[in-house]
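The primary structure of each chain is shown beneath.
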Amino acid sequence: MFSERVSLASQTTLGIGGPARFFCAPTTVSEVHDALTQARNQHLSVFILGGGSNLVIADSGWPGLVLHPRLTTQSGLTSGAGVDWDTFVDRCVAQNLAGIECLAGVPGTVGATPIQNVGAYGQEVSETIVSVMALNRQSLEVRTFSRDECHFAYRQSRFNTDELGRWLILEVTFSLKENAPPHLAYRDLTQHFGPGASPSLTEVATAVRQIRAKKGMVVDAADPDSRSAGSFFKNPILDATKVPTDAPRFPQPDGSVKVPAAWLIERSGLSRGQTLAGGIGLSSKHILALVNQGAGTAADVVEAAKRVQEHVHQQWNITLHPEPIFVGFLPDTQLPEGATAITAASS
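Attention here is on the structure that accompanies the text. These numbers were taken from a predicted model, which means no experiment stands behind them. (Residues numbered from 1 in each chain as written. Predicted model: local features only at pLDDT ≥ 70, side-chain atom pairs only at ≥ 80, totals over all residues. Heavy atoms only, no water.)

Let's shift gears to empty space enclosed by the protein. The full count for this structure, using the stated rule, is one cavity of 30 Å³ or more. For the largest cavity, the calculated volume is near 60 Å³. Forming the walls of the largest cavity are T13, P107, R212, G216, M217, V218, V219, S226, S228, A229 and G230. In terms of residues, the lining of the largest cavity owes the most to one element, strand 15 (residues 228-231), which gives three residues. Looking at the lining of the largest cavity residue by residue, the class counts come to five nonpolar, five polar and one charged. (1 Å grid on protein atoms, 1.4 Å probe; cavity = no way out; pocket = protein on both sides within 12 Å on 5 of 7 lines; lining within 4 Å. Points joined across faces, edges and corners; volume = space filled by probe spheres on them. Helix = DSSP H or I, 4+ residues; strand = E, 2+ residues; numbered from the N terminus. Nonpolar A, V, L, I, M, F, W, Y, C, P; charged D, E, K, R; others polar.)

Put into structure tokens, the structure is as follows:
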């Protein structure tokens with residue numbers, strides 16, 4: 001049932017990571033259940049791999065089982081966790097269903113989107129999620145979470161904070177608005193279409209992909225800047241009194257202010273295309289991405305991220321926290337400050 005010594009570098013958009021000792025890609029919930037049961041019987045630590053777009057996998061790989069569910073059933077606005085996210089967006093947009101058009105081009109699977117509460121260009125996936133069905137990896141019981149029970153916040157949910165690693169997402173149900181106009185709140189989009197424009201959902205989704213591609217944020221084998229884990233740092237949310245004078249400001253409901261991490265990095269003495277550590281550098285298109293310049297390692301990623309954090313902290317007294325999850329690193333590894341890690345010992 002399990003394959004052995006499978007490369008994980010080829011399973012991630014960053015193209016980095018050692019092998020999985022065992023690997024399995026179940027296509028049904030029953031097969032997922034059987035794989036977890038077998039892993040338990042063999043005392044294997046388990047890591048759940050989605051689309052591989054928001055990960056830094058250790059150079060040593062994963063010492064147990066990597067489970068890569070390919071649950072692709074779809075019914076209405078309920079989608080299996082293994083469905084490609086951009087394909088799902090395309091299907092909804094083609095049916096003139098509004099609510100996720102600005103999330104076009106985001107790499108990964110449907111099941112990964114609630115974990116991080118994926119957001120881009122003025123939309124967050126939590127705005128349209130009705131429920132998330134998940135399997136408890138310990139009890140093997142299935143539970144359905146309402147949107148409120150998912151505890152969504154900026155780039156957060158119960159699935160990547162207090163209960164990280166406890167749940168395996170099986171399917172997600174959305175609520176979208178039929179024949180509603182697209183969301184045009186983000187500056188890049190309003191500038192793209194110009195004042196007074198009334199683009200269709202399809203036109204907005206296409207524009208988002210074009211804008212993302214210009215930033216190297218659409219996976220493309222021909223674009224070396226797309227060998228990344230996506231936006232590497234979260235936009236910090238600060239007390240209003242601590243926001244740099246000239247920084248763009250995005251006020252939050254609680255009075256705090258979100259500041260673009262890219263703005264802080266670009267004004268901290270770093271530049272696009274700059275090599276930071278070994279084979280890892282900053283994207284030449286979008287300074288918020290760390291890219292594999294061809295021979296990068298996971299250890300290089302760790303050092304490059306720390307270097308960015310140091311520059312920003314020295315310049316602004318602000319600590320940026322990474323978005324990707326660090327997988328398979330030894331517990332005593334000094335990861336970047338604020339990093340979320342999944343170790344074999346915790347799985």
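This is not the end of the story, as more comes after the structure.
This next bit is on the sheet that holds strand 7 (residues 78-80). Pairing in this open sheet of five strands is antiparallel, and the strands run 6-7-13-11-12 from one edge to the other. Since the sheet does not close on itself, it has two edges, and those belong to strand 6 (74-75) and strand 12 (142-146), each with one partner. (Pairing = 2+ DSSP bridges.)

Right, let's get into helix 5 (residues 201-214). Residues separated by three or four positions in an α-helix point in the same direction, a consequence of the helix having 3.6 residues per turn. Its 14 residues give helix 5 an end-to-end C-alpha distance of 20 Å, which sits within 8% of 20 Å, the value for a rise of 1.5 Å per residue. Turning to helix 5, its buried residues number three or more, namely L201, V204, A205, A207, V208, R209, I211 and R212. Tucked into the core, helix 5 has its buried residues touching helix 2 (85-94), strand 8 (97-98), strand 9 (119-120) and helix 4 (187-193). One or two positions beyond helix 5, positive phi appears at G216, with a value near 75°. (Expected span 1.5 Å × (residues − 1). Buried < 20%, exposed > 50% of the residue type's maximum accessible area, 1.4 Å probe, protein only. Contact = heavy atoms within 4.5 Å.)

So, about the state of the cysteines. Following the criterion strictly, the structure yields zero disulfides and no others. Summary of cysteine pairing: C102 is not part of a disulfide, and the nearest cysteine sulfur, belonging to C92, is at 14 Å. A relative accessible area of 1% places C102 in the buried class. The thiol of C150 is not disulfide-bonded; the next cysteine sulfur, from C92, is found 18 Å away. C150 sits in the buried class, given a relative accessible area of 0%. (Disulfide = S-S within 2.5 Å.)

On to the packing of helix 2 against helix 5. With their axes 9 Å apart at the nearest point, helix 2 and helix 5 run at an angle of 155° to one another. Taken together, the axes of helix 2 and helix 5 lie roughly antiparallel to each other. Crossing of helix 2 over helix 5 shows left-handed handedness. In this structure, helix 2 contributes D86, V89, D90 and V93 to the contact, and helix 5 contributes L201, T202, A205 and R209. Tallied by class, the residues present in the contact of helix 2 with helix 5 amount to four nonpolar, one polar and three charged. (Axes fitted to C-alpha atoms, helices over the stretch in contact; angles between N-to-C directions. Parallel < 35°, antiparallel > 145°, perpendicular 65-115°, else oblique. Left-handed = near helix turned anticlockwise from the far one by under 90°.)

Everything listed here is a matter of coordinates, which is why it stays silent on function.
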